[in-house]
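For reference, the chains in residue letters:
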Amino acid sequence: MVVVVEKNATKQELENIIEALHKHGFDVHRSTGVNQTVLGAIGVQPDFDTNTIRVLPGVAEVHRITEQYKLASRSFKRDNTVIRVGKNVIFGDEEVVVIAGPCSVESEDQMFTLAESLSALGAVMMRGGAFKPRTSPYSFQGLGEKGLRIMRNACDAFGLKMVTEIMDVSQIETIMQYTDVLQIGARNMQNYTLLREVGRIDKPVLLKRGLSATTEELLMSAEYILSGGNEGVILWERGIRTFEKSTRNTMDLSAIPVIHQKSHLPIIADPSHAVGIRDKVIPMARAAVAAGADGIMVEVHPDPDNAMSDGGQSLFPEQFKQLMQEIKIIIHAIGRKLSGPVKKKGIHSIEN
Ligand code: PEP
Ligand code: MN
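The numbering scheme is per chain: residues are counted from 1 as the chain's sequence reads. To read the labels, note that chains go from A and ligands from 1, taken in the order they are written. At least 70 in pLDDT is required for a residue's local features to be given in this predicted model, at least 80 for side-chain atom pairs to be given and counted, and no such filter applies to totals for whole chains, interfaces and linings, which use all residues. Hydrogens and water molecules were not included; the side-chain quantities draw on all heavy atoms of the structure.

A.B. asks: Explain the overall build of the chain residue by residue, including any values.
C.D. replies: Strands here are runs of E lasting at least two residues and helices are runs of H or I lasting at least four, both read from the DSSP assignment and numbered beginning at the N terminus. Helix and strand counts for the chain stand at 11 helices and 15 strands. As defined in this context, the radius of gyration uses C-alpha atoms, and a globule is described by 2.2 Å times the residue total to the power 0.38. Taken over C-alpha atoms, the radius of gyration comes to 21 Å for the chain, in line with the 20 Å a tight globule of 352 residues would show. Along the longest, intermediate and shortest principal axes, the C-alpha atoms of the chain span 65 × 50 × 40 Å. With 352 residues in all, the chain has 52% of them scored as buried. In the chain, the share of contacts with a sequence separation of at least 24, taken over all contacts with a separation of at least 6, comes to 68%. Exposed residues in this analysis have more than 50% of their type's maximum accessible area, buried residues have under 20%, and partly exposed residues fall in between, with area computed by a 1.4 Å probe over protein chains only. We call two residues in contact whenever any of their non-hydrogen atoms come within 4.5 Å of each other.

Next up, the structure:
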C-alpha cells in the first residue's frame, strides 16, 4: 500500500501516520521525493481497510500496489532512483555510465595496462571477476582475494570505480573491503539468501537478470535487496536463453523501456554476455544506449586471444575506443551525457 503524505503535513502528523501503520503490522519505507513524501507500507494483509489510514490527518492519498514487487515499483516511487558512486559515476539520471574490463582478473600487468587505457577512453568504472561462476568446475575459477587486491590498486591508480562479482554469502566480508559496487551474476539472481544479505549492506548492487528470468522475476529479486534496506539497486540486462543459436544469448533490448516503465530503478545493459561474439558487441552497445540504458558494461581485454575466460566476446582496446566514439554520438543525440568528470580543454582529469 502506498500512502502519499500531504505536502503541508506537519512532522507530528507524519509520525502519527507511521505509528498507525506500524500498529496495523506494516513495515514502513519512506521515500522523500522533490515534492512529496510517500510511505510504502509493506505487509501481507489483503483484507486491510485502507480507509483506516485514508482518514488520518496529513494523508493525501492511499492506494494499493497491485504489483507483486512493491518497493521496486513506479507506483511506490514515481521519480527515478539516482545512484551515485563517488562524484563521477551516476546511474539513473541523464548520465550514461560506461563500465569496462576483463571477464576475469588475471594479473597485475593485465589490470594496470587495461585500467590506463579504459580511463583515458572514458570508462568510469572497471569490472573484473576474482570469484568466477564457471559452467565447468575445471575452468579457471578466479584469483580470489589476490585478484581483488590487484584490481583495487589498478582502479585507484587510474581513478576508476570498481565492480566485482560476489558468488556466495561467505565472500561478503572480503569483497566489501575492496570494491565500490557488488555484482550479482545471472546464475545467482534467485539466490535469495545472498540477496537478503546484500540487502543489509551499504554499497550499491548491480543485479543481473537470470538466464531465463522474466523482467517481473528480476524485479522480485531486486525487491529482496530493497526490503533489507539497501536502496542502491541497479538492474542489468545481459541476454536471455531463447531458441536462437547464432548468438550466446538473445539480448532483450525491450527489457530496458519495460523496466523503466515498471520501476524507478536504473537499468544497464551488457552486450558482451548477451551476444558472446566480439564483432556483435559494438552494434548492440549502440542499440542499448539508443533504447535508454542508464549504462553499458562491456568486456575488454588487452590480449583477448589469451584471456582465461570469455576471450571470444572481449573487445580489443582499439575496439573499445571505437565503441566510445560511436556511443558518444548516440548519447548526444538522445539528449543525455556520458557519466564522468567534466573535462577542461587539454586537461585529462582523473578526479573521482
Ligand atoms: C560476468 O559478468 O563475467 C558473468 C559471469 O556474467 P553472467 O552472470 O551474466 O553470466
Ligand atoms: Mn564474462
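A.B. asks: Any details on the pattern of salt bridges? Residues and values, ideally.
C.D. replies: Opposite charge on two side chains makes pairing possible when the charged atoms of those side chains draw close. By definition, a salt bridge exists where a carboxyl oxygen of Asp or Glu is found within 4 Å of a side-chain nitrogen of Lys or Arg. Taken as a whole and assessed by the stated rule, the structure comprises 15 salt bridges. Across the pair glutamate 197 and arginine 200 runs a salt bridge whose closest N-O atoms are separated by 3.2 Å. The partly exposed category is assigned to glutamate 197, whose relative accessible area is 25%. Here arginine 200 falls in the exposed class, since its relative accessible area comes to 59%. Among the salt bridges present, the one from aspartate 310 reaches arginine 248, with a minimum N-O distance of 3.1 Å. Of the two residues, aspartate 310 sits in the loop between strand E14 (295–299) and helix H11 (317–333) while arginine 248 sits in the loop between strand E12 (233–237) and helix H8 (255–262), which places them 62 residues apart along the sequence. You can call arginine 248 partly exposed: its relative accessible area is 39%. Connected via shared salt-bridge partners are Glu94, Glu95 and Lys337.

A.B. asks: Describe the nonpolar core, naming the residues involved and giving the relevant values.
C.D. replies: What makes a nonpolar core is a set of buried Ala, Val, Leu, Ile, Met, Phe, Trp, Tyr and Cys residues whose side-chain atoms join them at distances within 4.5 Å. In this structure, Met126, Val198, Leu207, Leu235, Phe320 and Leu323 are the most contacted members of the largest nonpolar core, which totals 72 residues. Per-element accounting of this core gives the leading share, six residues, to H11. Filtering out sequence-adjacent residues up to four positions away, phenylalanine 320 remains in contact with Val98, Ala100, Leu118, Leu121, Ala123, Val298, Val300 and Leu315.

A.B. asks: Run through H8, naming residues and quoting values.
C.D. replies: Looking at H8, one finds that the buried residues are Ala255, Ile256 and Ile259. Relative to the axis of H8, the buried residues are bounded by an arc of 100° and lie together on one face. Elements that come into contact with the buried residues of H8 comprise helix H7 (215–227), E12, strand E13 (267–269) and helix H10 (278–290). This arc describes the spread of directions from the helix axis toward the C-beta atoms.

A.B. asks: Provide a residue-level description of the coordination of the manganese ion (ligand 2), including the pertinent values.
C.D. replies: Nitrogen, oxygen and sulfur within 2.8 Å of a metal are treated as its donors, or within 3.2 Å for sodium, potassium and calcium (Na, K, Ca); water is not counted, so a site can appear incomplete. Of the protein atoms, only Cys103 (SG), His273 (NE2), Glu299 (OE) and Asp310 (OD) coordinate the manganese ion (ligand 2), at distances of 2.0 to 2.4 Å. In primary-sequence terms, the residues that donate to the manganese ion (ligand 2) follow C-x169-H-x25-E-x10-D. Note that cysteine 103 is positioned in the loop between strand E7 (95–101) and helix H3 (108–121) and histidine 273 in helix H9 (residues 271–275), a separation of 170 residues in sequence. Exposure class is identical for cysteine 103 and histidine 273. Each is buried.

A.B. asks: Just give me the short version of the site of ligand 1, but keep the residues and values in it.
C.D. replies: We define proximity as follows: a residue is near a molecule or strand when any one of its heavy atoms falls within 4 Å of that partner. Taken together, 13 residues surround ligand 1, and among them Arg127, Ala186, Arg187, Lys208 and Arg238 come closest. Distance and chemistry together define a polar contact, namely a pair of N or O atoms within 3.5 Å, with one atom able to donate a hydrogen and the other to accept it when in protein, and with adjacent residues in sequence counting only for side-chain atoms on both sides. Arginine 127 is positioned with one of its side-chain polar atoms (N or O) 2.7 Å from an oxygen atom of ligand 1. In this structure, an oxygen atom belonging to ligand 1 sits 3.0 Å away from a side-chain N or O atom of glutamine 183. Residue-level accessible areas treat just the shown protein chains as cover; the underlying method is Shrake-Rupley with a 1.4 Å probe. When ligand 1 sits alone it has 300 Å² of accessible area, and the protein chains cover 97% of it.

A.B. asks: Please provide a residue-by-residue account of the domain arrangement of the chain, values included.
C.D. replies: Domain annotation for the chain reports domain 1 (2–63) and domain 2 (83–338). Computed over C-alpha atoms, the centres of domain 1 and domain 2 are 36 Å apart. These domain boundaries are the output of an automatic or database domain assignment.

A.B. asks: Break down the pairing of strand E2 (residues 27–32) for me, with residues and values.
C.D. replies: Paired strands, as defined in this entry, are two strands with at least two bridges between them according to DSSP. As paired strands, E2 and strand E3 (residues 37–42) are joined by six bridges and run antiparallel to one another. Pairing of histidine 29 across the sheet is with glycine 40, part of E3. Between E2 and the antiparallel strand that follows it, E3, lie four residues.

A.B. asks: Could you give an account of the sheet that holds strand E1 (residues 2–5), naming the residues involved and the relevant values?
C.D. replies: Within the open sheet, the four strands sit side by side as E2-E3-E1-E4. Their pairing is antiparallel. The sheet is open, and its two edges are formed by E2 and strand E4 (59–63), each paired on a single side. On average, each strand axis in the sheet is inclined to that of its neighbour by 20°, with strand direction left out of account. Where E1 and E3 come together, three bridges link them in antiparallel fashion. Bridge pairing in E3 places valine 4 opposite valine 38. Note on method: axes are straight lines fitted to C-alpha atoms, helices fitted across the in-contact stretch only, with angles between N-to-C directions ranging 0 to 180 degrees.

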